[in-house]
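# Report on the structure
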Amino acid sequence: MSDYDPLREHLSHQTKVEFVLSFEEIEDILGFALPRASQRASWWEKERNPENARPQRDAIRDGGYEATRLADGKGVRFRRLSAGRYRPR
């Protein structure tokens, strides 16, 4: 069980191909404040190396999405993974 399971659950119920959540909305979903590291784009991006796996990235992927921090730093864009890239656990 991961602290980020509520985010995974939230994403798995979404039907939109793409949408944005503010950091405050994500914190409401999770029930706790995000760490300071979440302000960095790399905290949200998919891992390029399995050694860099992080629970928030796993939750996002398992929810069927990939995430990118907005350039203005005010939120995160979620984009649905294509069927070939999404493999629910």
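Located above this text is the structure these notes cover.
Definitions and cut-offs
- Residues numbered from 1 in each chain as written.
- Predicted model: local features only at pLDDT ≥ 70, side-chain atom pairs only at ≥ 80, totals over all residues.
- Heavy atoms only, no water.
- Axes fitted to C-alpha atoms, helices over the stretch in contact; angles between N-to-C directions.
- Helix = DSSP H or I, 4+ residues; strand = E, 2+ residues; numbered from the N terminus.
- Parallel < 35°, antiparallel > 145°, perpendicular 65-115°, else oblique.
- Left-handed = near helix turned anticlockwise from the far one by under 90°.
- Contact = heavy atoms within 4.5 Å.
- Nonpolar A, V, L, I, M, F, W, Y, C, P; charged D, E, K, R; others polar.
- Buried < 20%, exposed > 50% of the residue type's maximum accessible area, 1.4 Å probe, protein only.
- Core = buried A, V, L, I, M, F, W, Y, C linked by side-chain atoms within 4.5 Å.
- Salt bridge = Lys/Arg side-chain N within 4 Å of Asp/Glu carboxyl O.

## A short note on the packing of helix α1 (residues 5-12) against helix α4 (residues 55-62)
Two elements in contact, α1 and α4, have axes separated by 8 Å at closest approach and are oriented at 20°. Considering the angle they form, α1 stands roughly parallel to α4. Relative to α4, α1 is oriented so that their crossing is right-handed. Of α4, the residues touching α1 (which contributes L7, R8 and L11) are A59, I60 and D62. Here the residues of the contact of α1 with α4 sort into four nonpolar, no polar and two charged.

## A look at the environment of A59
Along the chain, the position of A59 falls in helix α4. Among the residues examined, A59 registers a relative accessible area of 5% and is labelled buried. When the C-alpha positions of A59 and L11 are compared, they lie 8.7 Å apart, and in sequence the two are 48 residues distant. Once residues lying within four places of it in the same chain are set aside, the contact partners of A59 are Y4, R8 and L11.

## Here we look at the nonpolar core
L11, I26, L34, W44, I60, V76 and F78 are the most contacted members of the largest nonpolar core, which totals 18 residues. Secondary-structure elements contributing two or more residues to this core are α1, β1 (18-22), α2 (23-30), α3 (41-44), α4, β2 (65-69) and β3 (75-80). The leading source of residues in this core is α2, at three residues.

## Observations concerning the pattern of salt bridges
Within the structure shown, the criterion is met by six salt bridges. R8 is the partner of D5 in a salt bridge, and the nearest nitrogen-oxygen pair spans 3.7 Å. Placement of the pair is D5 and R8 together in helix α1, with a separation of three residues, close to one helical turn. Taking relative accessible area as the criterion, D5 reaches 16% and is therefore assigned buried. A salt bridge links R79 to E18, with the nearest nitrogen and oxygen atoms 2.7 Å apart. Pair noted here: R79 is in strand β3 and E18 is in strand β1, with a separation of 61 residues, a long-range link.

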